[in-house]
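As a plain string of letters, each chain reads:
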Amino acid sequence: MRKIDLNNFQVARSETARDINRSIVLNLIRGHQPISRADLARHSGLQRSTVSVIAEQLIEERWVTEGANGVTPRGRRPTFLHLNKGRIGIIGVNIRPALTTVALADLDANFLSQESLPTGPDPKKFIDGLVPRLRNLIKMHPEITCEGIGVSLPGRVDLASQRLVFAPNLGWPDFDLKAAIEKATGLPVELENAANSCALAEIWFGKQAVGVRNLVAVTVSEGIGVGLILNHQLLRGSNGMAGEFGHTTIVPDGLECRCGNRGCWELYASSSAAVRYYVQSSSPVRSGRKGVRQSETGPTFDDLLRLTEQGDPKAKEAIRLMADYLGKGIALLVTGLAPDLIVVVGEITRAWSRIGSVIEEAVKRHSFTPAATRVVPADRSSQPRLRGTIALVLQKHFGAPSVA
Ligand SMILES: [Zn+2]
């Protein structure tokens, strides 16, 4: 039960019931396609005539299209409905500190084209490089109508101002990214934190999240991000800052972090941390006392994973240590939130056969609640971070209407 917010409520309009039914039918088509109008009526409990009116409207708006005729035992041949996948597209922009990926996807988050560009320290220059690529994606697929652009960022976005409010690993000055992209492309832009986007992607596209109400996405890369979906709703917190578990202290008086705090979880459980562990074990003299971000000079995390696969004992130990700290932080999430599912996203999932049990043991060691949380790796082949950007736009059209 939600209390009605008297500063921000929505009264029921005459179209409210229609809007809700339209959303339900659209989602039923998405979930059961190809589907006949009769089956839609059966699944929704709506009158057959109501379903027909909604279906016509969705066809007119090009969200839905009619396909092949089906065959029923009594010989009638209903026309099946399905999403108009080939005609509607969503553009995704996945910004990471070093590299940004842009892609055009259909409504099932299948990527039709994609390319990358360097991110760089100057957001204005970044926009200059990004915009021609976006225009090119649109030009390459004239048959597709783009519904919008989803942008995920390694930082937190304030929903009210749509500004980036906290992004220590990106290092950008304050910049209105949304307005700049909207102005250049004429398309609506949705900004979101990368971990939040990944959590939404699991809810909208993930096979592991079917029927899940409470889901946590933990993105592990240069830093650690956490996206929280509780009771089907993305948790934003004050100023959009919810989920910054990566910057909570896990080692008292530990290393100094870029955020200003000490001993942050991401300094011990991110891919940068594993690289640091490896560098320290290989050349203890160079390790330095601060020990933060040595990845620029040492091997990359990718190198480390390769060395691990080749059986290098120092690389294996570095990855094990990282996984142990990852488990320690995940135990905190399990104890504090008792989610149904925690999805780990990032290159580290390549080594899941090695680290899955390390994480599991660390969670057992540090969490004593009977929470039945499953901890699973995201499906790497689906490009979870990029897929998250597609979910940002999709949910605007397929999400539940908010009433009251
Ligand atoms: Zn920090």
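Structural data are supplied above this passage.
Everything quoted here is computed from the prediction, not taken from an experiment. (Residues numbered from 1 in each chain as written. Predicted model: local features only at pLDDT ≥ 70, side-chain atom pairs only at ≥ 80, totals over all residues. Heavy atoms only, no water.)

Q: Explain the coordination of the zinc ion to me, using residue names and the numbers behind them.
A: The protein atoms donating to the zinc ion are H247 (ND1), C257 (SG), C259 (SG) and C264 (SG), with metal-donor distances spanning 2.0 to 2.3 Å. Around the zinc ion sit four donor atoms, and with donor-metal-donor angles ranging over 104 to 121° the site reads as tetrahedral. Considered as a linear motif, the donors of the zinc ion on their single chain read H-x9-C-x1-C-x4-C. With H247 in the loop between β12 (233-234) and α7 (266-269) and C264 in the loop between β12 and α7, this pair connects stretches of sequence that are 17 residues apart. (Donors = N, O, S within 2.8 Å, 3.2 Å for Na, K, Ca; no water. Tetrahedral: all angles 85-135°; square planar, octahedral: opposite > 155°, others 65-115°. Helix = DSSP H or I, 4+ residues; strand = E, 2+ residues; numbered from the N terminus.)

Q: With reference to specific residues and values, describe the packing of aromatic side chains.
A: Taken as a whole, this structure holds three aromatic pairs when the rule is applied. For the ring pair F126 and W172, a centre distance of 5.3 Å and an interplane angle of 50° mean the geometry is tilted. In this pair, F126 sits in helix α4 (residues 123-140) while W172 sits in the loop between β8 (163-166) and α5 (177-185), placing the two residues 46 residues apart along the sequence. Classification of W172 by relative accessible area gives buried; the value is 13%. Seen from their ring centres, Y268 and Y325 are 5.2 Å apart, and the 45° between their planes marks the pair as tilted. Placement of the pair is Y268 in helix α7 and Y325 in helix α10 (residues 313-337), with a sequence separation of 57 residues. Assessed through its relative accessible area of 18%, Y325 is described here as buried. Its guanidinium or amino end placed over the ring of Y268, R276 lies 5.6 Å from that ring's centre, counting from NZ or CZ. (Phe/Tyr/Trp six-rings, centres within 6.5 Å; stacked < 30°, edge-to-face > 60°. Buried < 20%, exposed > 50% of the residue type's maximum accessible area, 1.4 Å probe, protein only. Lys NZ or Arg CZ within 6 Å of the ring centre and 35° of its normal.)

Q: Talk me through the side chain of S221; I want residue IDs and the actual numbers.
A: Relative to the helices and strands, S221 resides in the loop between β10 (215-220) and β11 (224-230). You can call S221 buried: its relative accessible area is 7%. There is a polar contact of 3.0 Å between the side chain of S221 and the side chain of E222. (Polar contact = N/O pair within 3.5 Å; in protein donor to acceptor, adjacent residues only side chain to side chain.)

Q: Residue-level account of the sheet that holds β11, with values.
A: Strand pairing in a sheet is mediated by backbone hydrogen bonds. Such pairs are either parallel or antiparallel. Across the sheet, five strands lie side by side as β12-β11-β10-β13-β14; this open sheet has mixed pairing. Both outer strands of the open sheet, β12 and β14 (374-377), are each paired with one neighbouring strand and no more. Alignment of strand β13 (residues 341-345) against β14, held across four bridges, turns out to be parallel. Within β14, the residue paired with V343 across the bridge is V376. (Pairing = 2+ DSSP bridges.)

Remember, this is a structural readout, not a statement about activity or role.
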